[in-house]
Amino acid sequence: MNSSMFSERSALASWDPFLAFVDHWEEKTKSFRSDGEPYSDLCFGQPQEKPLAALTETMGRVIGAPQDSDTFAYRMKIAEVQEAIVRNLQQSRGLTVDAEDVFTTNGALSALTLTMTILANPGEAAVLVSPIYFVYRQQLELMGIEPVVIPTTQDFDLDVAAIRRAITDSTRFILINSPNNPSGKIYSMETLQKLTGMLNEVNEGRPDRPIFVISDEAYNRIVFDGIDFHSITEIYPYTIMIYTWAKTLLCPGERFGYIALPHIMPREVRTRLRDIITRCQIAGWSKPNNTTALTYMHAERDGMRTDLTVLQRRRDKLHLCLTAQGWTVFKPSGTFYMLVEVDKTMFLSAEDFVDALAAERVLVMPGFIMEIKDHVRMSLTANDAMVDFAIKAFAKLRKKEAPAA
């Protein structure tokens, strides 16, 4: 077929390794489920247990007993949903946001795509911080925006000096993700202040086109050990927050997210963005289902949450047991993911490590997908039986001899 029939950027060749891995994962999970033998799926953040009963009951009421004729109608905004978001941000984070500066979307990816489209033109650049959520690069490439990927420090913190060196006249925004997927790192207020100070200095030389920060905070409620989560929206005025409800209640198939503009953003900028976001949302209709949005509103009112003690217990057990076995494991402060370093005395690459675990019926994600080699990622959304099974599989691999060089 003539390749010129379609746009060049829609091919997204950089997706090839990821899609090949997804095919592998789907094949393995189908096989493992069909044979009835125990296995462990630690790969994606898929819930491996039934959803919260309160969530399904609430959704059933919203869908089964609509309150008015607008329940299934086109709705640009649902005021009570926006107000619920504003209350939550104020009560849980002390963050002031006006209701008219909240834009609900059908998930965080939709919110990210919308925001990226608004902030940069094709040919301009965005700075990403590695390791990255595996969709960021492809989103930018699809829009013709150049991704400039900067590694973090050894402990996965922001390297502000390296970010500064990456900024050019074509840079339009920096995308940060805290708590970070896949590392689980939470950027401290000290680090965020350093980033803010650097950006303020840069903006002095480009007052008409300040650098924006897109703050992807999908996991800002999945935080362990009583750590205080801080957002750069608290201190940097040109920040756009992205959030998704899916992580809080482990329901990734229910697409609901939002864009929020902090009150410290200059009023004239917020006013202009309100108009632009509204126009772009109508063009692509990136609004959530009304019933999902209303379910979110009731869930917020009723205080529904994933039980963090369960996730933290799984994190602690995996970290303790795998470390005792001799693996190098990064203990996350947030999210429901963990990174395990590849032992090069045993495996030549992360892919070899993934294959060896799959042979033991344990599925994990290779780090190259998130642009961090020599690591694999595990998900804490696996059930307790899967966690125990995985620990035994890691121990079994540890007992095997190292491959010949």
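Structure first, text after, so check above.
Residues numbered from 1 in each chain as written. Predicted model: local features only at pLDDT ≥ 70, side-chain atom pairs only at ≥ 80, totals over all residues. Heavy atoms only, no water.

Caption draft 1: Up close: helix α8 (residues 267-284). Here α8 spans 26 Å end to end across 18 residues, near enough to the 26 Å set by a 1.5 Å rise per residue. Buried residues of α8: V269, R270, L273, R274, I277 and Q281, and no others. Viewed along the axis of α8, the buried residues span an arc of 140°, placing them on a single side of the element. Residues of α8 that are exposed and point more than 90 degrees away from the buried face comprise E268, R279 and A283. Residues of α8 that are buried make contact with β2 (102-105), α4 (108-119), β6 (212-216), β7 (239-244) and β8 (257-260). At the C-terminal side of α8, W285 shows a positive phi close to 45°. (Helix = DSSP H or I, 4+ residues; strand = E, 2+ residues; numbered from the N terminus. Expected span 1.5 Å × (residues − 1). Buried < 20%, exposed > 50% of the residue type's maximum accessible area, 1.4 Å probe, protein only. Arc of directions from axis to C-beta. Contact = heavy atoms within 4.5 Å.)

Caption draft 2: Quick look at the side chain of T115. Residue placement: T115 occurs in helix α4. Once you skip the residues sitting within four places of it in the chain, T115 turns out to touch I214, I240, I242 and I259.

Caption draft 3: Summary view of empty space enclosed by the protein. Throughout the structure, instances matching the rule amount to four cavities of 30 Å³ or more. Size it by volume and the largest cavity reaches roughly 100 Å³. Along the wall of the largest cavity there are 14 residues; nearest its centre are K77, I78, T104, K287 and P288. Listing elements by their share of the lining of the largest cavity, those giving two or more residues are α3 (79-93), β2 and α9 (290-302). Looking at which element gives the most residues to the lining of the largest cavity, the answer is β2, with three residues. Across the lining of the largest cavity, the residue classes tally to seven nonpolar, four polar and three charged. Taken as a whole, the second largest cavity holds about 40 Å³ of empty space. Lining the second largest cavity are L128, V129, P131, I132, Y133, Y136, L175, I176, N177, N180 and Y187. Ranked by residue count, the leading element in the lining of the second largest cavity is strand β5 (residues 171-177), at three residues. Broken down by class, the residue content of the lining of the second largest cavity amounts to nine nonpolar, two polar and no charged. (1 Å grid on protein atoms, 1.4 Å probe; cavity = no way out; pocket = protein on both sides within 12 Å on 5 of 7 lines; lining within 4 Å. Points joined across faces, edges and corners; volume = space filled by probe spheres on them. Nonpolar A, V, L, I, M, F, W, Y, C, P; charged D, E, K, R; others polar.)

Caption draft 4: Spotlight on the pairing of β6. In terms of residue burial, β6 counts as a mostly covered element, since five of its five residues are buried. Of the two faces of β6, the one holding F212, I214 and D216 and the one holding V213 and S215 are both buried throughout. Both β5 and β6 contribute to a ladder of five bridges, which runs parallel. Looking at β6, one finds that L175 is bridged to I214. (Pairing = 2+ DSSP bridges.)

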